[in-house]
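Descriptive structure summary
Residue-level listing of the chains:
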Amino acid sequence: MVSRVPGSRSRSRAASTAALPAETTVFGRALEGLRGVAARPELVLEEVPAPTRLAPHAVALSGEVVPSYLDEDDDPAATGRFVLLHDPDAPEPWEGEWRVVTYAKARMEPEVGQDPLAGQAGWSWLTDAVEAGGLDWAAPAGTVTCVSSESFGALDGREPSVELEIRASWTPVLTPGAEGRELAGHLGAWGDLLCTLAGLPPLPEGVVALSGPRR
């Protein structure tokens, strides 16, 4: 993967994971699966430092949704992080050997801050994305936080803003030998969640997302 260089805006697709070492272990197959994810052009994925104390094996990706992905100066419409953990000892709270830990956030329309069902809607976007991918999961947990901000005094001219943040973790239930393909599906579902938060319409049925031009 390609890391950001301070002061620049390097944008790479999930395919940039080719820099990861080739492995034949089960976690190596998971990395191979993440390498093969084809993100829609507006979704930018990059490797970031993974946590080292949560599990023996981990990989982390940051994500940004940039509607005009060819414009380096565009601010992302949604941001987040996807962390995959693997522990062969299967910690009891996980209910398995794998754990996905994520967050995703985006600015929303002001009226969302007044909607008492905003949290339920945000969680349903995640569950719908996982279920649409035909993925199996266990022990899902998370929070949805909606924060409204108003400015006063010298900042009185700023428009009110609302930010919705979804923090979620779950255990992928995987088929032995198919870990890479199925974990790629979980990453794809999280990417769909980011795109939903950003307000992007879903891809039409039968249309496959392709990576945009590399920089």
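Above this text sits the structure in question.
These numbers come from a predicted model, not from an experiment. (Residues numbered from 1 in each chain as written. Predicted model: local features only at pLDDT ≥ 70, side-chain atom pairs only at ≥ 80, totals over all residues. Heavy atoms only, no water.)

**Notes on helix α2 (residues 118-132)**
Along an α-helix, a turn takes 3.6 residues, which lines up residues three or four apart on a common side. Helix length check: α2 (15 residues) gives 21 Å between terminal C-alpha atoms against 21 Å at 1.5 Å per residue, within 8%. Ala 118, Gly 122, Leu 126, Thr 127, Ala 129 and Val 130 are the residues of α2 that are buried. Buried residues belonging to α2 abut β5 (137-149), β6 (161-172) and α3 (179-197). One or two residues past the end of α2 sits Gly 134, with phi positive at roughly 65°. (Helix = DSSP H or I, 4+ residues; strand = E, 2+ residues; numbered from the N terminus. Expected span 1.5 Å × (residues − 1). Buried < 20%, exposed > 50% of the residue type's maximum accessible area, 1.4 Å probe, protein only. Contact = heavy atoms within 4.5 Å.)

**Details of the environment of Leu 200**
Along the polypeptide, Leu 200 turns up in the segment after α3. Judged by its relative accessible area of 17%, Leu 200 falls in the buried class. Put simply, Leu 200 and Pro 67 are 133 residues apart on the chain and 7.9 Å apart in space, counted from C-alpha to C-alpha. Ignoring any residue separated from it by four or fewer positions in sequence, one finds Leu 200 in contact with Arg 40, Glu 42, Val 65 and Cys 195.

**What about the nonpolar core?**
With 40 residues, the main nonpolar core has Val 65, Leu 84, Leu 187, Trp 190 and Leu 197 as its most contacted residues. Elements that contribute at least two residues to this core include exactly α1 (26-35), β1 (43-48), β2 (57-65), β3 (78-86), β4 (98-108), α2, β6 and α3. Considering each element in turn, this core owes the most residues, 9 residues, to α3. In this structure, Val 65 is in contact with Glu 42, Leu 43, Pro 76, Ala 77, Ala 78, Leu 194, Cys 195, Ala 198 and Leu 200, ignoring residues within four places of it in sequence. Counting 6 residues, the second-largest nonpolar core is a separate cluster that includes Ala 55, Ala 60, Leu 85 and Trp 94. (Core = buried A, V, L, I, M, F, W, Y, C linked by side-chain atoms within 4.5 Å.)

**Some points on the packing of α1 against α3**
Put simply, α1 and α3 touch, their axes get as near as 7 Å, and they point 50° apart. Taken together, the axes of α1 and α3 lie oblique to each other. Judged by the sense of rotation from one axis to the other, the crossing of α1 with α3 is right-handed. Each of Val 26, Arg 29, Ala 30, Gly 33 and Leu 34 in α1 lies in contact with α3, whose residues at this interface are Glu 179, Gly 180, Leu 183, Ala 184 and Leu 187. In terms of residue class, the contact of α1 with α3 is built from 6 nonpolar, 2 polar and 2 charged. (Axes fitted to C-alpha atoms, helices over the stretch in contact; angles between N-to-C directions. Parallel < 35°, antiparallel > 145°, perpendicular 65-115°, else oblique. Left-handed = near helix turned anticlockwise from the far one by under 90°. Nonpolar A, V, L, I, M, F, W, Y, C, P; charged D, E, K, R; others polar.)

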